Amino acid sequence: MSTVRHVTGPAVGPGSSDPQIDRLLDLARTHLGMEVAWLSTFTGEEQVITSATGLTAAMNVTVGEGTELAASFCVRVVAGALPAVISDARRHPVTRELAVTRELNIGSYVGAPWRDAEGNVAGMLCCLSRTADPDLDANAARYVSMLADLISDHLGSAAGRARLETQRAEVVVRDILRTHAVRAVVQPIVRLTDGATVAFEALSRFEPTTFASPDRAFATAAVCGLGIDLELLAVRRALQLRDQLPADMWLGINLSPEAVCTSAARDLLLPYAGRRIGVELTEHTPVGDYDELNAHLQPLRAAGVELVIDDAGAGFASLHHILQLRPDTIKLDISLVRGIDDDPVRRALARSMTGFADEIGATLLAEGVETAAERDTLRELGVKYGQGYLWGKPRAHPFA
């Protein structure tokens, strides 16, 4: 059985590397005359390569790749079961039997642990070559250990810790992308006049031990440069629910402006364009160019995909979206809905939003409705649709 698996896709992209770490890795391998140097982090039962330099492709080394920790040289070095220097891995009685020796084509090896700010072993600095090297000795081990200490000091700084946390988070996000570990759930949207369900909003869920909330997952992915990738995976999951809905019922799907401007998003949505799909724009970063965004939305809207603007009334950004994008549906923010039956100011604002929506030909939908009193007040104000715990929490099956 292979001990090496990809966390996902290509190596870590530009912007995630640390020039100082790369410089120390280059020093290690050039001083020892070895082909590859890498820095790894121990994550659970895996050793994940977070940085690497040299002939990485020749030795099947990929940044972001996870190796079973129990099968590695490194865990044995840390435990004292292997020396820090192995001059001929194919002849050594232990390493010659390890699958990783063959998979990474290891002929020689030098490794030293680096430690976190609390002094715990956090990973390894390793140098490898495809050929045996009889000149490797204790001096090589001392040199690599010295560089590992420098790396420990660097990563122990505030900036280093932040960068390391980003790398660790990237490993988690890449693993979600690799395993498609996103679940789609739906929450009903009802017509306030009679309580009939007319649509569902698709929402994403992750393992709670990985991310406490969907917002945290998408924000982390965005920091790692993988935000759009995660959004598109969530869209694919959401679209799988379309077949579970009656043909006359809408399904709302969340996408950021950045993601909706990609050809990949259009390729996913256009085949469903005639099947009552609405795109709800989420906001991770401000929209810089509304003309460009409208140009990307145009083929979707022309094909029948509706546009929903969220958080109306919560701030300037959502109102600016409405003015610039002319949505089909406007969602009244939960902060205006909560307690609206007891608050004349909230009622006045909702009444003005109702008139505004009617004036521009948009539908107004109140989100976060939790009580019958809120529902009744919204209905009296002319709001046509509602969404919230009053009619159900997000669930895995539309009609469960």
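In case you missed it, the structure is sitting above this.
Residues numbered from 1 in each chain as written. Predicted model: local features only at pLDDT ≥ 70, side-chain atom pairs only at ≥ 80, totals over all residues. Heavy atoms only, no water.

**Q** What's the story with the overall build of the chain in this structure? I'm lost.
**A** A tally of regular secondary structure across the chain gives 14 helices and 15 strands. Taken against the 2.2 N^0.38 rule, which gives 21 Å for 400 residues, the C-alpha radius of gyration of the chain at 27 Å runs more than 25% over that of a compact globule. For the chain, the C-alpha atoms occupy an extent of roughly 85 × 40 × 40 Å along the three principal directions. Every one of the 400 residues in the chain was classed for burial, and the buried ones make up 48%. Of all intrachain contacts in the chain linking residues separated by at least 6 positions in sequence, the fraction that spans at least 24 positions is 63%. Summed over all atoms, the accessible surface of the chain reaches about 18,100 Å², with 52% contributed by carbon and sulfur. (Helix = DSSP H or I, 4+ residues; strand = E, 2+ residues; numbered from the N terminus. Rg over C-alpha atoms; globule rule 2.2 N^0.38 Å. Buried < 20%, exposed > 50% of the residue type's maximum accessible area, 1.4 Å probe, protein only. Contact = heavy atoms within 4.5 Å. Areas by Shrake-Rupley, 256 points an atom, 1.4 Å probe, with all protein chains shown as cover.)

**Q** In this structure, what is going on with the pattern of salt bridges? I would like to understand it.
**A** Side chains that differ in charge, positive against negative, can pair when their charged atoms come close. Throughout the structure, instances matching the rule amount to 17 salt bridges. Here Arg-96 and Glu-97 are joined by a salt bridge, their closest N and O atoms 3.6 Å apart. Glu-170 is the partner of Arg-174 in a salt bridge, and the nearest nitrogen-oxygen pair spans 2.9 Å. Highlighted residues: Arg-174 and Glu-170, both in helix α5 (residues 158–179), separated by four residues, approximately one helical turn. On the basis of relative accessible area, Arg-174 is assigned to the buried category, the value being 6%. It is possible to trace a salt-bridge network through shared partners that takes in Glu-201, Glu-280, Lys-331 and Glu-367. (Salt bridge = Lys/Arg side-chain N within 4 Å of Asp/Glu carboxyl O.)

**Q** Could you clarify how one ought to interpret the environment of Lys-393 in this entry?
**A** Take Lys-393: it is sitting in the segment after β15 (385–387). Look at Lys-393 and you get exposed, because its relative accessible area is 55%.

**Q** What is the right way to read the pairing of strand β12 (residues 306–312) from this model?
**A** Looking down a regular strand, the side chains alternate between one sheet face and the other. The buried count for β12 comes to five of seven residues, which makes it a mostly enclosed element. Pairing between strand β11 (residues 277–281) and β12: four bridges, direction parallel. Counted as the bridge partner of Glu-280 is Val-308 from β12. Examined bridge by bridge, β12 and strand β13 (residues 329–332) share three bridges and lie parallel to one another. By the bridge assignment for β13, Ala-312 is matched with Leu-332. (Pairing = 2+ DSSP bridges.)

**Q** Can you help me understand unusual backbone geometry in this one?
**A** Across residues other than glycine, the phi torsion is negative in most instances, and most of the peptide bonds are trans. The phi torsion at Asn-105 lies on the positive side, around 55°, for a residue other than glycine. Along the polypeptide, Asn-105 turns up in the loop between α3 (99–103) and β6 (108–115). Notably, Arg-326 is not glycine yet its phi reads approximately 50°, a positive angle. Structurally, Arg-326 can be placed in the loop between α11 (316–325) and β13. When its relative accessible area of 57% is taken as the criterion, Arg-326 is described as exposed.

**Q** Is there a simple way to explain the sheet that holds β11 in this structure?
**A** Hydrogen bonding along the main chain pairs the strands of a sheet, whether they run parallel or antiparallel. As summarised here, the arrangement of the eight strands in space is β8-β9-β10-β11-β12-β13-β14-β15, forming a closed barrel in which the pairing is mixed. In this sheet, neighbouring strand axes are inclined to one another by 30° on average, regardless of whether the strands run parallel or antiparallel. Note that strand β14 (residues 363–367) and β15 share three bridges and pair parallel. Paired with Ala-366 across the bridge in β15 is Gly-386. Across the sheet, helix α7 (residues 227–239) lies against β8 (183–191), β9 (197–205), β10 (250–255) and β11, angled at about 170° from β10, the strand it touches most. (Axes fitted to C-alpha atoms, helices over the stretch in contact; angles between N-to-C directions.)

**Q** Which parts of the structure should I look at to understand the packing of aromatic side chains?
**A** One pair of aromatic rings is described through two measures. These are the centre distance and the angle between the planes. Tallied over the entire structure, the rule returns three aromatic pairs. Arranged with centres 6.3 Å apart and planes meeting at 80°, the rings of Phe-206 and Phe-211 form a pair that is edge-to-face. Judged by centre distance (5.7 Å) and plane angle (80°), the ring pair of Phe-206 and Phe-218 falls under edge-to-face. Residue Phe-206 is found in the loop between β9 and α6 (214–223), and its partner Phe-218 is found in helix α6; the two are separated by twelve residues along the sequence. Residue Phe-218 is classed as buried on the basis of its relative accessible area of 14%. The structure contains a cluster of three or more aromatic residues connected by ring pairs, namely Phe-206, Phe-211 and Phe-218. Over the face of the ring belonging to Tyr-389 we find Lys-393, whose NZ or CZ atom lies 5.4 Å from the ring centre. (Phe/Tyr/Trp six-rings, centres within 6.5 Å; stacked < 30°, edge-to-face > 60°. Lys NZ or Arg CZ within 6 Å of the ring centre and 35° of its normal.)

Note that all results are geometric; they support no functional claim without further evidence.
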